[in-house]
Amino acid sequence: MKRLPALLVAILVFPFLLLVSALIFLLLGRPILFTQLRPGLHGRPFRLYKFRTMTTAVAPDGTPLPDAQRLTAFGRFLRSTSLDELPELINIIRGEMAFVGPRPLLMEYLPLYTPEQMRRHDVLPGITGWAQVNGRNAISWEEKFALDVWYIDHRSFWLDCRIILLTIGKVLRRDGISAQGEATAKAFTGTRQEPPCAS
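Heads up: these notes are all about the structure in this document. Residue positions within a chain follow its written sequence, with the count starting from 1. Given that this is a predicted model, residues contribute local features only at a pLDDT of at least 70 and side-chain atom pairs are listed and counted only at 80 or more, while totals for whole chains, interfaces and linings are drawn from all residues. Hydrogens and waters are ignored; side-chain quantities use all the structure's heavy atoms.

### Focus on a nonpolar patch on the surface
So, point 1. Patch rule: a residue counts if its relative accessible area is over 30% and it has no salt bridge; like charges are joined within 9 Å, and nonpolar side chains (Val, Leu, Ile, Met, Phe, Trp, Tyr) within 5 Å. Under the convention used here, a 1.4 Å probe and the Shrake-Rupley method define accessible areas, while residue burial counts only the protein chains that appear. Salt bridge criterion: a side-chain nitrogen from Lys or Arg within 4 Å of a carboxyl oxygen from Asp or Glu. On the surface, Phe16, Leu19, Leu23, Phe25, Leu26 and Leu27 cluster together into a nonpolar patch covering about 580 Å² of accessible area.
So, point 2. Summarising the element assignment, Leu23 is placed in helix H2 (residues 14-27). Put simply, DSSP marks the helices as runs of H or I at least four residues long and the strands as runs of E at least two long, and each gets a number from the N terminus on.

### What about unusual backbone geometry?
So, point 1. Note the cis peptide between Arg30 and Pro31, where omega equals -5°.
So, point 2. Assignment of secondary structure puts Pro31 in the loop between H2 and strand S1 (33-39).
So, point 3. One non-glycine residue, His42, lies in the positive phi region at around 60°.
So, point 4. Relative to the elements of secondary structure, His42 occurs in the loop between S1 and strand S2 (45-51).

### Points about empty space enclosed by the protein
So, point 1. Throughout, the protein atoms alone are placed on a 1 Å grid, and a set of points is a cavity if a 1.4 Å probe fits but cannot get out or a pocket if it is open with protein on both sides within 12 Å along at least five of seven lines; lining residues have an atom within 4 Å of a point. Grid points are joined across faces, edges and corners, and a volume is the space filled by probe spheres set on the points. In this structure the tally under the stated criterion is one cavity of 30 Å³ or more.
So, point 2. Of the volumes computed, that of the largest cavity is approximately 30 Å³.
So, point 3. For the largest cavity, the full set of lining residues is Pro39, Gly40, Pro102, Arg103, Pro104, Arg120, His121, Val123, Leu124 and Pro125.
So, point 4. Lys, Arg, Asp and Glu make up the charged group, whereas Ala, Val, Leu, Ile, Met, Phe, Trp, Tyr, Cys and Pro make up the nonpolar group; the residues left over, Gly among them, are polar. When grouped by side-chain class, the residues that make up the lining of the largest cavity number six nonpolar, two polar and two charged.

### Comments concerning the packing of aromatic side chains
So, point 1. Ring geometry is summarised as follows: Phe, Tyr and Trp rings, the Trp one being its six-membered ring, pair when their centres sit within 6.5 Å, and such pairs are stacked at plane angles under 30 degrees, edge-to-face over 60 and tilted between the two. In total, this model carries nine aromatic pairs according to the counting rule given.
So, point 2. Relative to Trp141, the ring of Tyr109 lies with its centre 5.7 Å away and its plane at 75°, an arrangement referred to as edge-to-face. On the criterion of sequence distance, the pair formed by Tyr109 in the loop between strand S3 (98-100) and helix H6 (115-118) and Trp141 in helix H7 (residues 141-154) is long-range, its members being 32 residues apart.
So, point 3. Relative accessibility thresholds used throughout: buried, under 20% of the residue-type maximum; exposed, over 50%; partly exposed, between the two (1.4 Å probe, protein chains only). Classification of Tyr109 as buried rests on a relative accessible area of 7%.
So, point 4. Overall, the relative accessible area of 15% leaves Trp141 in the buried class.
So, point 5. With centroids separated by 5.1 Å and ring planes inclined at 75°, the aromatic side chains of Phe157 and Trp158 adopt a geometry described as edge-to-face.

### Focus: the pattern of salt bridges
So, point 1. Counted under the stated rule, the structure contains eight salt bridges.
So, point 2. With its nearest N and O atoms 2.9 Å apart, the salt bridge here joins Arg120 to Asp148. Taken together, the positions of Arg120 in the loop between H6 and strand S4 (126-128) and Asp148 in helix H7 put the pair 28 residues apart, joining distant regions of the chain. You'll find Arg120 and Asp148 in the same group, each marked buried.
So, point 3. Members of the salt-bridge network, linked through shared partners, are Lys50, Asp84, Glu85, Glu88 and Arg103.

The values are spatial; any link to function lies outside them.
See the structure below:
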C-alpha cells in the first residue's frame, strides 16, 4: 500500500533528483549516493540509500577525517533541508521503510538500547517521524527514543498526515539544525540506567 505512493512521488520528483545528483557530482564527485546497513523492522538489516553529503577526504594514515571536516556547505544544506533523504524513496518502494516512522539509526546502536527503546523497531523505519518534527538534533537521544515509542503507541493515518505536514513546514524553514548549529547528531553511547535500590 505504501509502495505505490512512494513510486508516484519518485516519478514526480525525478527531475529534481537528477538535478541534486548532478550538483553532488560537480561539487563532491562520486559516489553520488551514500549507502549503509541500518536496522529495519524488528532490527533486521537493510541497505539505506541517501544522497552523499560529505567528501571522501582522509588523514595521512588513510582513515576518514572527522565528519565536521568532511561535511561541506552544500552537504550541510542538503541535511538541514532533509533533501539528502530523498533516495530513501527506493527503500519505501522495496518495502524496507515507510514515509513515517522512527528513523533508522546505526547497527552498532542495537546492543545499547533499553528494552523500551528497542520498541522503536516494532514498526518500519521512516523518512520522517514524530521525533524529527519535535526537535530532531536539538533534543537528547533519550527524548528522541521516548518520542519514537510514543508514536508507536499512538500511530494512525491522521497522525502520519500531521507529521508529514509538519515535516514540510520544517523543510521550508530549514529547521533541521540543532541549537548548537550542528546538522549531525552526536553518537549514541547508551542510556545510563540507575541500579535497583537494595531492599
